[in-house]
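In case you want the letters, here they are:
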Amino acid sequence: MSEAAVLIVGAGPVGLTLAIDLAWRGIDVTVVETRARAAPPEPKCNHVAARTMEIFRRLGIADKVRNAGLPADYPHDISYRTSFTGRELTRIEIPCRRDRFTRKDGPDCNWPTPEPPHRINQIFLEPILFEHAAAQPRIRIVNRTSVEDVVVEDTSARANLRDLDTGAVRRVECRFLIGCDGARSVVRKAIGAELTGDAVIQRVQSTFIRAPDLIGRQRHERAWGTGAINPRRSGMVYAIDGSERWLVHNYLKPDEGDFEQVDRDGCLRTILGVDANFKYEVISKEDWYGRRLVATRFRDRSAFIVGDAAHIWVPYAGYGMNAGIADAMNLSWLLAAHLNGWAPAGILDAYEAERLPITSQVSRFAMSHAEKEIRRRGTVPAEIEEEGPRGEAARHEVGRLTYEINVQQYACAGLNFGAYYDTSPIIAYDGAKAPSYTMSSYTPSTVPGCRTPHFRRGDGSSLYDAMGAEFTLLRFDAGADVTALEVTARDRGLPLKLLDVQQPDPVTFYDGRLLLSRPDQHVAWRGNRVPEDPTALIDRVRGAAT
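Figured I'd write up the structure that's included with this text. Values in this document were obtained by computation on a predicted structure and should not be read as measured data. (Residues numbered from 1 in each chain as written. Predicted model: local features only at pLDDT ≥ 70, side-chain atom pairs only at ≥ 80, totals over all residues. Heavy atoms only, no water.)

**Overview of helix α14 (residues 534-541)**
All of the buried residues along α14 are Pro-534, Leu-537, Ile-538, Asp-539 and Val-541. Of the surrounding elements, those touching the buried residues of α14 are α7 (319-339), β20 (471-475), α12 (483-492), β22 (514-517) and β23 (523-527). In the segment just after α14, Gly-543 is the residue with positive phi, at about 75 degrees. (Buried < 20%, exposed > 50% of the residue type's maximum accessible area, 1.4 Å probe, protein only. Helix = DSSP H or I, 4+ residues; strand = E, 2+ residues; numbered from the N terminus. Contact = heavy atoms within 4.5 Å.)

**A closer look at the packing of aromatic side chains**
Two descriptors summarise a pair of aromatic rings, namely the distance from one centre to the other and the angle between the planes of the rings. Per the counting criterion, the structure on display carries 12 aromatic pairs. On the basis of an interplanar angle of 50 degrees and a centroid distance of 5.0 Å, the ring pair of Trp-224 and Tyr-238 is categorised as tilted. Highlighted residues: Trp-224 in the loop between β11 (195-210) and β12 (225-229) and Tyr-238 in strand β13 (residues 234-239), separated in sequence by 14 residues. Overall, the relative accessible area of 3% leaves Trp-224 in the buried class. Ring-pair connections join several aromatic residues into one group, and the members of that group are Phe-176, Phe-298, Phe-304 and Tyr-351. Cation over ring: Arg-81 sits above Phe-84, and NZ or CZ is 5.5 Å from the ring centre. (Phe/Tyr/Trp six-rings, centres within 6.5 Å; stacked < 30°, edge-to-face > 60°. Lys NZ or Arg CZ within 6 Å of the ring centre and 35° of its normal.)

**Regarding the nonpolar core**
Core analysis: the biggest nonpolar cluster contains 92 residues, and Ile-8, Phe-56, Leu-177, Ile-178 and Ile-305 have the highest contact counts within it. At 10 residues, the largest contribution of residues to this core is made by α7. Discounting residues that sit within four places of it in the chain, Phe-56 has contacts with Thr-17, Val-48, Ile-61, Ala-62, Val-65, Leu-125, Leu-129 and Ile-325. (Core = buried A, V, L, I, M, F, W, Y, C linked by side-chain atoms within 4.5 Å.)

**Quick notes on the pattern of salt bridges**
All told, the structure shown has 51 salt bridges when counted by the stated rule. In this structure, Arg-57 and Glu-115 form a salt bridge, with 2.8 Å as the shortest nitrogen-oxygen distance. Residue Arg-57 is located in helix α2 (residues 50-58), and its partner Glu-115 is located in the loop between β5 (88-92) and β6 (118-119); the two are separated by 58 residues in the primary sequence. Note on Glu-115: relative accessible area 3%, which makes it buried. One salt bridge in this structure joins Glu-260 and Arg-264, with 3.1 Å as the shortest N-O distance. Overlapping salt bridges bring together Asp-21, Arg-25, Arg-58 and Glu-470 as one network. (Salt bridge = Lys/Arg side-chain N within 4 Å of Asp/Glu carboxyl O.)

**A few points about the side chain of Ser-302**
Counting through the fold element by element, Ser-302 comes out in the loop between β17 (299-300) and β18 (303-305). Taking relative accessible area as the criterion, Ser-302 reaches 0% and is therefore assigned buried. Reaching out from Ser-302, the side chain makes a polar contact with the backbone oxygen of Ser-156 at a distance of 2.7 Å. Beyond its immediate sequence surroundings of up to four residues, Ser-302 is in contact with Val-152, Glu-153, Asp-154, Thr-155, Ser-156, Ala-157, Arg-175, Phe-176 and Leu-177. (Polar contact = N/O pair within 3.5 Å; in protein donor to acceptor, adjacent residues only side chain to side chain.)

Have a look at this one:
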């Protein structure tokens, strides 16, 4: 029987990012994946959120990710038209990657982050993550291997690893088992969790095509995403490489239950606005159900589930993969804290306590938005394609409503930065209430549990770049004596970096002199002076409070 400190099932973007972060924190990891090495992923995810880009920046891969995907000058806009080749109704302007750090007039510009979002398909993102992970000496990736017969115990887990080419089976034991293995998760079944919620909110007939002649048939400027709105079909067309590959979503109507009974070719041509002579190649069928399902538990003793293994929802706001990576980063530092010896096993209780409530809330955001879009698609006026005043009026009104609904998902500051943990066992709350947030709205705050607000330091550098890998004590008044807290942290083995910074915004920071930021850049504690019992605070944030 072989052994591993952490065994991750699944080498998609979530599992790979988790492995990279754990290795960065000094933990040895084995990743098991059923696909062959370098096998192309499905073209599912199209968007890397700002919060995820912040993580990639810390791990040293943000530039490589941002420089991949669409051509540098290809607009990341979202255009809504009567068809892909039809009249434009409205446009949500998102800078191309060439202009990402210089343009200031878009709905997701001027966000409080060192790393704005990036539009890139999973077929380009995943190989970057795989290559980086495979180069890390602490990460071992085992391809063409399935995980079977999982047994979870108090302090370890065991599983059979089956070589899918030879059929050979070997037993492996690990200290922790993490399921990043998607909707059919083996690990979720092993921990006895069930997915509950709304099984089907919508059906989407999705087709990955190659059509090099399509890009030149547009009447308007190119866009990363193009929505087609007409009385016959509604769909989305995503540019994958900016030249010939496209992902076309055909939103099925309520009475269209079976993917293959709907005329795929006819619907696709209606969405694109092309006739029967237009030639394209089907690369793959990527049909999917929109769901809102959340697992009843995220952990059983030494086993955890992350990402689609734990939750599935309608992929509005591009927050499926990004929510999974948020899970992974929450779990990663907790596991590393325990395995590196400065936190007891009790710190791991925070994972489910923090992520399960957030997951439920975010899934409802996505479902609510999906329902609004479904209603809009069901009420497209018949005259929207007409010439003359009636058609113009219809196009104007549909464009206005479409922008109002969809700018919330394509410029979703709330989902990126607004989530806060209000029931965590490892946060020192002070009675203040965190600001509410929506999919699109975000108010920076230092209320414990919120994301540590980002700002530029006096020299223009990023606060996050200056913070430590573990806990950081931000001191806004160099005269504040923090010796007792530093000594206590050192005695308890908790890694703590002291960072003197000038307070940029007294309103956001409540004139507080001190702020303790966790390894995942959420506020653990704040105050004007070190508490009278610093030991109690340090034990609280490292999961040792009694």
